[in-house]
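Summary of the model geometry
Letter by letter, the chains look like this.
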Amino acid sequence: MPTDVIMPQMGESIVEGTITQWLKKPGDRVEKDEPLFEISTDKVDAEIPSPTAGTLAEIRVAAGSTVAINTVVGQIVGADEATAAPAAAAAASEGVEVVMPQMGESIVEGTITKWLKQPGDKVEKDEPLFEISTDKVDAEIPSPVSGTLTEIRIGVSQTVAINTVVAVIGGSGVAPAPAAPAQTQAHAPEIQTLAAPQAVEDPQLAGRRLRSSPLVRRIAREHQLDLRQVAGSGSGGRITKDDVLRHLHDYGPGNANPPQPAASKLPGELVPLTKMRSIIAQRMVESKRIAPHVHTVYKIDMTRVAQLREHERGAFEKRHGIKLTYMPFIAAATVEALRRFPILNASLEGNSIRYHRNINLGIAVALDWGLIVPVVREAETRSFSSLAKTINDLAARARSKKLMPDETSGSTFTLTNSGVFGGEYGTPVINQPESAILAIGGLRKEPVVLTDKEGNDSIAIRSVQYYCLGFDHRLIDGADSGKFMSILKHVLEHWDKPLD
């Protein structure tokens, strides 16, 4: 019988280990108690001996991967089984192996955050199969082929190196899925019945994006139930089968006596940080520690831009296929100001200042599960319509987890729209290694004192917006920040650029 090699528990508080090196390769002879692989935990580095003598037939977890204790990381067969091992391995791998993809040159590992299919489920080529989180981006990973998912090798919340086999589609060598952490098991029924690519919106539900499966929508149709009345308890507010059945049990068919939406987290519940949230936390603390932040706030009269946008929005959408928002106006004005004052587009490198060749404009996008900053590269070379299209495309793909890591790195200056939620203005944290960040406040109408050329004052209703520049005082003085903001203000208040 083959002998499984498992990740050992190296102490009571140890729950996982990282394989740092395999000392043998498949096909090598190994003696009992001979060092087989090396691991690293948060307590100790150690060589792990072979549990038996024989031939290393399979390595299931590659070097660099972190897995939970008791995970099977390899398999040893006896001498009489060694010759049969290659044939058995071939039979077990007739299916197509699904690997952890490399999501960028600097990415060496990824964390599986959700399986969208379970063993036995059918899957189509290019259909999202699982979700991952890296230190650059969250993404849905598509299936490489059509077939049946026969094996899941890496469970939710596990971090593994790129090119690690995480699942198998097709083939006869079906193995059980790895044990999931407690928080994953709690959502197991939902994972079995719902898949993210099925999270589409019924036409009858326009105005609110409801995430649900075809099964849930079929149950709702059969019972004349408007899903807007059902509180979703799944990830991101997803409406699960249990949610809709519970609603029908409590309130019956139809839409009488709808309940109030329930919070997805219970008071007092301890919820671990997601990979993205953990990285955001680390980077915010690092930025505040590194850079002496200073902020300056300007009120800008956006009436001219608001009137132009209102007048041109229909024609612009017809020409370019996207809605005309305020962001390309602000981005174009920012580029103009950065051209005039390149110190705000620079970075500190040791005791030197790096003046960047291009303006790579980061656009912060708020997600249900965190924040991400896709980058408009070489923004200084783009027309107004090109800026608008690129910003729209990046934001849409950020929300649908379709960004590549190289689209979220290399920014030289960042815009963050804190006013989208109604705030007057925010005091933003600098996105390292940049030197400045511009927060956009809410747009609202206010009474403003206007002075004409003869010096006469009058009061008028104007569309105004507060802008807050956060800057690193090691590189940027108050005078430079004021000059930059004055240019931004002038461009927006006296807009004269074409919209194509």
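Described in the following lines is the structure provided in the data block. Please read these numbers as outputs of a predicted model, since none were measured by experiment.

Turning our eyes to something else, we now look at the overall build of the protein chain. When you go through the protein chain residue by residue, the secondary structure sums to 11 helices and 26 strands. Relative to its full complement of 500 residues, the protein chain shows a buried share of 44%. Within the protein chain, contacts between residues at least 6 apart in sequence are counted, and of these 62% link residues at least 24 apart. For the protein chain, the accessible area works out to roughly 25,200 Å², and carbon and sulfur atoms hold 52% of it.

Tracing the backbone through its elements, the reader meets His293 in strand E17 (residues 293–301). You can call His293 buried: its relative accessible area is 17%. Among the polar contacts listed, one links the side chain of His293 to the backbone oxygen of Ala291, at a separation of 2.9 Å. Polar contacts involving the side chain of His293 include one to the main-chain amide nitrogen of Ile430, which spans 3.0 Å.

Going through the model one piece at a time under the given rule, you end up with eight aromatic pairs. When the centroid spacing of 4.9 Å and the interplanar angle of 65 degrees are considered together, the rings of Phe329 and Phe384 count as edge-to-face. Here Phe329 is found in helix H9 (residues 327–340), whereas its partner Phe384 is found in helix H10 (residues 384–399), with 55 residues between them in sequence. The burial state of Phe329 is the same as that of Phe384; both residues are buried. For the pair Phe413 and Phe484, a centre-to-centre distance of 5.7 Å together with 45 degrees between the ring planes defines the contact as tilted. Note that Phe413 is positioned in strand E24 (residues 413–416) and Phe484 in helix H11 (residues 478–493), a separation of 71 residues in sequence. Counting every residue linked through ring pairs, the aromatic cluster contains Phe316, Phe329, Phe384 and Trp495.

Conventions we followed
Residues numbered from 1 in each chain as written. Predicted model: local features only at pLDDT ≥ 70, side-chain atom pairs only at ≥ 80, totals over all residues. Heavy atoms only, no water. Helix = DSSP H or I, 4+ residues; strand = E, 2+ residues; numbered from the N terminus. Buried < 20%, exposed > 50% of the residue type's maximum accessible area, 1.4 Å probe, protein only. Contact = heavy atoms within 4.5 Å. Areas by Shrake-Rupley, 256 points an atom, 1.4 Å probe, with all protein chains shown as cover. Polar contact = N/O pair within 3.5 Å; in protein donor to acceptor, adjacent residues only side chain to side chain. Phe/Tyr/Trp six-rings, centres within 6.5 Å; stacked < 30°, edge-to-face > 60°.

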